[in-house]
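Here's the letter readout for the chains.
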Amino acid sequence: MIFLKKIGKNKQLNELLNRIQMNFENNYKDAAQMNLKEYEDVLRELKESGRVKGNDRQYYEDKLDYYKEQMKKFTHKDQQPKW
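Moving on, we come to the packing of helix α2 (residues 29-49) against helix α3 (residues 54-70). Interaxial distance between α2 and α3 falls to 11 Å at its minimum, and their mutual angle equals 155 degrees. Between α2 and α3, the angle is such that the two are roughly antiparallel. The handedness of the crossing between α2 and α3 is left-handed. Only Arg 57, Tyr 60, Glu 61, Lys 63, Leu 64, Tyr 67 and Lys 68 of α3 make contact with α2, whose side of the interface consists of Leu 36, Tyr 39, Glu 40, Leu 43 and Lys 47.

Taking 1.5 Å of rise per residue, 17 residues should cover 24 Å, and α3 covers 25 Å from first to last C-alpha, within 8% of that figure. When α3 is considered as a whole, its buried residues turn out to be Asp 56, Tyr 60, Glu 61, Leu 64 and Tyr 67. Here the buried residues of α3 occupy an arc of 130 degrees about the axis, which is enough to place them on one side. Tucked into the core, α3 has its buried residues touching α1 (11-25) and α2.

What counts, and where the lines are drawn
Residue numbers here run from 1 along each chain, matching the order of that chain's written sequence. Only residues with pLDDT of 70 or above have their local features reported here, since the model is predicted, and side-chain atom pairs are shown and tallied only from 80 upward, although totals for entire chains, interfaces and linings are computed over all residues. Values shown for side chains rest on all heavy atoms present in the structure; no hydrogens or waters enter the calculation. Note on geometry: axes are lines fitted to C-alpha atoms, helical ones only across the stretch in contact, with angles between N-to-C directions running from 0 to 180 degrees. Helix and strand definitions here come from DSSP, where helices need a minimum of 4 consecutive H or I residues and strands a minimum of 2 consecutive E residues; each element is numbered from the N-terminal end. Angle categories: roughly parallel below 35 degrees, roughly antiparallel above 145, roughly perpendicular from 65 to 115, and oblique for all the rest. Two helices that cross are described as forming a left-handed crossing if the nearer one is turned anticlockwise from the farther one by less than a right angle, and a right-handed crossing if clockwise. Residues are treated as being in contact if the distance between any of their heavy atoms lies within 4.5 Å. To estimate the expected span of a helix, subtract one from its residue number and multiply by 1.5 Å. In this scheme, a residue with accessible area under 20% of its type's maximum is buried, one over 50% is exposed, and one in between is partly exposed, where area comes from a 1.4 Å probe on protein chains only. It is the directions from the helix axis to the C-beta atoms that the arc portrays.

Printed below as a string of structure tokens:
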């Protein structure tokens, strides 16, 4: 029987990722960007303290890169009126 290690098991980071995703999907631009900044700060602290390592570290860094890329032009000025 093979047991697979669960990747991405840090509760604090997962909660922040959920908030980012919910705000992103609901088009709450300011909240999503604020959550992303908070996520980045918490991830940095956890990496520096050694509480996120190996595959988990890579998983959370990949999520950070993904959301940074998605939010490059995620501002109110880029929003076009639909009327």
